[in-house]
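Topology and contacts: notes
The residues making up each chain are set out below.
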Amino acid sequence: MDLILSNAKIVTMVPGETGYQVSEPKFIGIKNGKIEAISNHPLHVSFGLHEIDCSGVLLTPGLIDCHTHLIYAGNRSHEFEMRQQGATYQEIARQGGGILSTVNATREATEEELVRLALPRLDGLIHSGVTTVEIKSGYGLTLNDELKMLRAARMLAQERSIHIETTLLAAHAVPPEYKDRPDDYIDYICTTIIPAVARQQLASAVDVFCESIGFSLEQTEKVFQCAQTHGLAVKGHTEQLSNLGGTALTARYQGLSADHIEYLDQAGVQAMAKSNTVATLLPGAFYFLKETQHPPVELLREHQVSMAIATDCNPGTSPFSDLTLMMNMACTQFGLTPEEALRGVTSHAAQALGLQHQKGQIQTGMDADITLWNISHPAELSYEAGIPRVAGRVVNGKFTTGNASPSLSKFSTTSSDGK
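Bear in mind the structure is a predicted one, so any value in this text is a computation, not a measurement.

About the thresholds
Residues numbered from 1 in each chain as written. Predicted model: local features only at pLDDT ≥ 70, side-chain atom pairs only at ≥ 80, totals over all residues. Heavy atoms only, no water. Salt bridge = Lys/Arg side-chain N within 4 Å of Asp/Glu carboxyl O. Helix = DSSP H or I, 4+ residues; strand = E, 2+ residues; numbered from the N terminus. Buried < 20%, exposed > 50% of the residue type's maximum accessible area, 1.4 Å probe, protein only. Phe/Tyr/Trp six-rings, centres within 6.5 Å; stacked < 30°, edge-to-face > 60°. Axes fitted to C-alpha atoms, helices over the stretch in contact; angles between N-to-C directions. Parallel < 35°, antiparallel > 145°, perpendicular 65-115°, else oblique. Contact = heavy atoms within 4.5 Å. Nonpolar A, V, L, I, M, F, W, Y, C, P; charged D, E, K, R; others polar. Arc of directions from axis to C-beta. Domains from an automatic or database assignment. Buried area = accessible area lost by both parts, 1.4 Å probe. Polar contact = N/O pair within 3.5 Å; in protein donor to acceptor, adjacent residues only side chain to side chain. Left-handed = near helix turned anticlockwise from the far one by under 90°. Pairing = 2+ DSSP bridges. UniProt positions renumbered as here; feature names shortened; annotations may be inferred.

**Side note on the pattern of salt bridges**
In this structure the tally under the stated criterion is 18 salt bridges. The partner of Glu111 in a salt bridge is Arg151, with the nearest N and O atoms 2.6 Å apart. With Glu111 in helix α4 (residues 111-127) and Arg151 in helix α5 (residues 143-159), this pair connects stretches of sequence that are 40 residues apart. Of the charged contacts, one joins Asp187 and Lys222 as a salt bridge, the two residues approaching to 2.3 Å between their closest N and O atoms. Placement of the pair is Asp187 in helix α6 (residues 182-200) and Lys222 in helix α7 (residues 217-229), with a sequence separation of 35 residues. A relative accessible area of 29% means that Asp187 is categorised as partly exposed. Judged by its relative accessible area of 37%, Lys222 is partly exposed. Here the salt bridges do not stand alone but share partners, grouping Lys34, Lys359, Asp367 and Asp369 into one network.

**So, the packing of aromatic side chains**
Evaluated as defined, the whole model comprises ten aromatic pairs. Look at Tyr287 and Phe320: their rings are 6.0 Å apart centre to centre, the planes differ by 55°, and that puts the pair in the tilted class. Here Phe320 lies in the loop between β13 (307-309) and α12 (323-334) and Tyr287 lies in helix α10 (residues 283-288), a separation of 33 residues in the sequence. Under the relative-accessibility criterion, Phe320 is labelled buried at 16%. Joined through ring pairs, the aromatic side chains of Phe80, Tyr287, Phe288 and Phe320 make up one cluster.

**Section: the environment of Leu59**
Summarising the element assignment, Leu59 is placed in strand β5 (residues 58-61). For the pair Leu59 and Glu239, spaced 180 residues apart in sequence, the C-alpha separation works out to 35 Å.

**Some thoughts on the packing of α6 against α7**
Between α6 and α7, whose axes approach to 10 Å, the crossing angle comes to 5°. Relative to α7, the element α6 is oriented roughly parallel. Here Pro182, Asp183, Ile186, Asp187, Cys190 and Ile194 of α6 lie close against α7, whose contacting residues are Gln219, Lys222, Val223, Cys226 and Ala227. Classifying every residue of the contact of α6 with α7 by side-chain character gives seven nonpolar, one polar and three charged.

**What about helix α9 (residues 266-275)?**
Those residues of α9 not exposed but buried are Gly268, Val269, Met272 and Ser275. On an axial view of α9, the arc spanned by its buried residues comes to 135°, and they lie on one face.

**Structural notes on the domain arrangement of the chain**
Taken as a whole, the chain is organised into domain 1 (3-62 + 360-414) and domain 2 (65-352). Just the C-alpha atoms count here: the centres of domain 1 and domain 2 sit 30 Å apart. Taken together, the 29 residues of domain 1 in the interface contact 25 residues of domain 2. The junction of domain 1 with domain 2 conceals about 1,900 Å² of combined surface from both sides, 58% of it contributed by carbon and sulfur atoms. The three residues of domain 1 that bury the most area against domain 2 are Met13, Ser382 and Arg393, which together make up 31% of that side's buried surface. Inspection of the region where domain 1 meets domain 2 yields zero salt bridges. The interface formed by domain 1 and domain 2 contains ten residue pairs in polar contact (both at pLDDT 80 or more). Of all the secondary-structure elements, those providing two or more residues to the side of domain 1 that touches domain 2 are β14 (370-373), α15 (380-383) and β15 (390-395).

**Considerations on the packing of α5 against α6**
Here α5 crosses α6 at 30°, and the two axes come no closer than 10 Å. In the crossing of α5 with α6, the sense of the turn from one axis to the other is right-handed. Where α5 approaches α6, its residues Leu143, Glu146, Leu147, Leu150 and Arg151 are matched on the opposing element by Tyr188, Thr192, Ile193, Ala196, Val197 and Gln200.

**As for the sheet that holds strand β12 (residues 278-281)**
The eight strands are arranged β6-β7-β8-β9-β10-β11-β12-β13 in an open sheet whose pairing can be described as parallel. Each of the sheet's edge strands pairs with one partner strand only, and the pair in question is β6 (63-65) and β13. In this sheet, neighbouring strand axes are inclined to one another by 25° on average, regardless of whether the strands run parallel or antiparallel. For strand β11 (residues 257-260) and β12, the ladder comprises three bridges, and the chain directions are parallel. Across the sheet, residue Ala258 finds its bridge partner in β12, namely Ala279. Against the sheet, α7 contacts β9 (205-210) and β10 (233-238), and its axis sits at roughly 180° relative to β9.

**Digging into the UniProt feature "binding site: 4-imidazolone-5-propanoate" (unreviewed entry) in the chain**
Feature annotation in UniProt places "binding site: 4-imidazolone-5-propanoate" (unreviewed entry) on Arg76, Tyr139, His172, Gln240 and Thr317, given in this structure's numbering. When near neighbours in sequence (up to four residues on either side) are disregarded, His172 contacts His69, Ile99, Gly138, Tyr139, Leu141, Phe209 and Phe215. Side-chain polar atoms of His172 contact the backbone oxygen of Gly138, separated by 3.0 Å. What makes Thr317 partly exposed here is its relative accessible area of 24%. Setting aside its immediate chain neighbours within four residues, Thr317 contacts Gly284, Ala285, Phe288, Leu289 and Asp312.

**A short note on helix α3 (residues 99-108)**
Judged by how many residues are buried, α3 sits mostly within the fold: seven of ten residues are covered. Looking only at α3, the buried set comprises Ile99, Ser101, Thr102, Val103, Ala105, Thr106 and Arg107.

Right, dumping it as structure tokens:
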């Protein structure tokens, strides 16, 4: 063993009723970044081993934010102020605002600048217990700028103790160079951007904004076909503003997840259930845009579709970097239970990234990504926001302290002499 977590009360999040229950004190043995053993009894302590006494805290799988746009440059707070003063989206766009303002700023930034700008947002997620983050491109919209964004996202893992998953979202908007020529831009994505990303192994999935103000079903399908040809998984921004059928299309291509889905109908839900596609709910965007159309949570429950929750952290519609705040919003706005919310940021979020056999549960054989909380029951994670509660995180088997300062001294790792 490399590390032992002793006297640990665990919420495992394994499937079934017991996954949400708080266990009696256990002993977790970690080796080579994996959970090697979970025992009711003390594990053998060898020379040089690090052991952490977890008495008084609660352990969950490390939280997973499975949908973010964390890499970007520029600031759109002035647009928020304009909206609050009555300006419409169209008026803001005519004045150079909207997504293309972020595109312009991101294109002008270097990789190093994009990393520096993203770190405070990443730190917010880390302080809310996150150990894995998915980051999309989509503010470059050229080959070089999309590659730059994906490289910057990967560089974050060198700056912080975090696991990064990257997704290509070149089909986010039509860039100014292709104004009124969206089909030509889709061809450019398929012939130039996707092959380069696949060749350089800079992303594990390809996403498309399939919507009336984004890309059509036909254009989306072309991107999906190209992605799968190059061995990349697919995901969809779908049914956020209208029921275009993008979710069913995503499911037909065995998509990992369909995200937003406020306007999803029963046929789309049934398609997701058949393909085991995860429904990713983004309550931050729903809140920030003052939407009124709720995602069909009851239908998703009825058809046993896994529901994930993510921040959608982005500059225009969800400028939030606290995943536990999204858990609260999912409960208060969408009616999820605290258990559903916790599954939505652990096991179901892992499934939304194709990582369900590696992350999102505390089980032997899984990655040793664990968050230690200064709480007594997991419902507290959905109940309160803004209070430092992370006593520590284990990422890839390595322990780092958290932001709940009153209890940190007890978590200084100690080495045993074997006696």
